[in-house]
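Commentary on secondary and tertiary structure
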Amino acid sequence: MPVTVRVLAGLVHVERVVRVLDERNLQAAFHEARHAKWRSWADVRRQYATASHVGDRIVFNIKGNDYRLVVAVDYQRQGVWIKWIGTHAQYDKINVREVKYGD
């Protein structure tokens, strides 16, 4: 039976995400994540060659690297937790290993 990834985030954070990215890009990203079958970092890397692994977080480049999305992935439970999203300039000011949504 195929396992799909669940995308989880606080409502306040999701509203922030919608303001940062247009709705079409956001829906496409959630659709891809929901249908992913990631069992390891290697699976993520195969699908997203520009993604980075930082500690227990994964950083995705979005919209031509204009934005960064930081997530935590639980491969066993197939869950993706959005930790942070913002511009590339804002990303340079955060600690990726410790940031959490709402920061």
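About the thresholds
- Residues numbered from 1 in each chain as written.
- Predicted model: local features only at pLDDT ≥ 70, side-chain atom pairs only at ≥ 80, totals over all residues.
- Heavy atoms only, no water.
- Helix = DSSP H or I, 4+ residues; strand = E, 2+ residues; numbered from the N terminus.
- Buried < 20%, exposed > 50% of the residue type's maximum accessible area, 1.4 Å probe, protein only.
- Contact = heavy atoms within 4.5 Å.
- Areas by Shrake-Rupley, 256 points an atom, 1.4 Å probe, with all protein chains shown as cover.
- Polar contact = N/O pair within 3.5 Å; in protein donor to acceptor, adjacent residues only side chain to side chain.
- Salt bridge = Lys/Arg side-chain N within 4 Å of Asp/Glu carboxyl O.
- Core = buried A, V, L, I, M, F, W, Y, C linked by side-chain atoms within 4.5 Å.

Things to note about the overall build of the protein chain
Tallying secondary structure elements over the protein chain gives four helices and five strands in all. Moving toward the C terminus, one meets the helices and strands of the protein chain in the order β-α-α-α-β-β-β-β-α. When each of the 103 residues of the protein chain is scored for burial, the buried share is 38%. Considering only contacts within the protein chain whose residues lie at least 6 apart along the sequence, 44% involve residues at least 24 apart. A total of about 6500 Å² of accessible surface is found on the protein chain, and carbon and sulfur atoms cover 51% of it.

Topic: unusual backbone geometry
Unlike most non-glycine residues, Gln-78 shows phi in positive territory, near 60°. Mapping Gln-78 onto the fold places it in the loop between strand E4 (67-74) and strand E5 (79-87). Take Gln-78: its relative accessible area is 2%, and that puts it in the buried class.

Structural notes on the side chain of Asp-43
Here Asp-43 shows up in helix H3 (residues 41-47). Polar contacts involving the side chain of Asp-43 include one to the side chain of Arg-46, which spans 2.3 Å. Residues within four places of Asp-43 in sequence aside, it is in contact with Lys-37 and Trp-38.

Points about the side chain of Arg-68
Summarising the element assignment, Arg-68 is placed in strand E4. If near-sequence neighbours (up to four positions away) are discounted, Arg-68 is found in contact with Val-59, Phe-60, Asn-61, Trp-84, Ile-85, Gly-86, His-88 and Tyr-91.

Concerning the pattern of salt bridges
Within this structure, the stated rule accounts for three salt bridges. The partner of Asp-56 in a salt bridge is Arg-57, and the shortest N-O contact between them spans 3.6 Å. Residue classification places Asp-56 among the exposed residues on the basis of a relative accessible area of 54%. Residue classification places Arg-57 among the buried positions, given a relative accessible area of 7%.

Describing the nonpolar core
If you look at the biggest cluster of nonpolar residues, it comprises 15 residues, and the most contacted ones within it are Trp-38, Ile-58, Phe-60, Leu-69 and Val-71. Listing elements by their share of this core, those giving two or more residues are strand E3 (57-62), E4 and E5. Looking at this core element by element, the count peaks at four residues for E4. Ranked by size, the runner-up nonpolar core spans seven residues in total, among them Val-54, Trp-84, Tyr-91 and Val-96.

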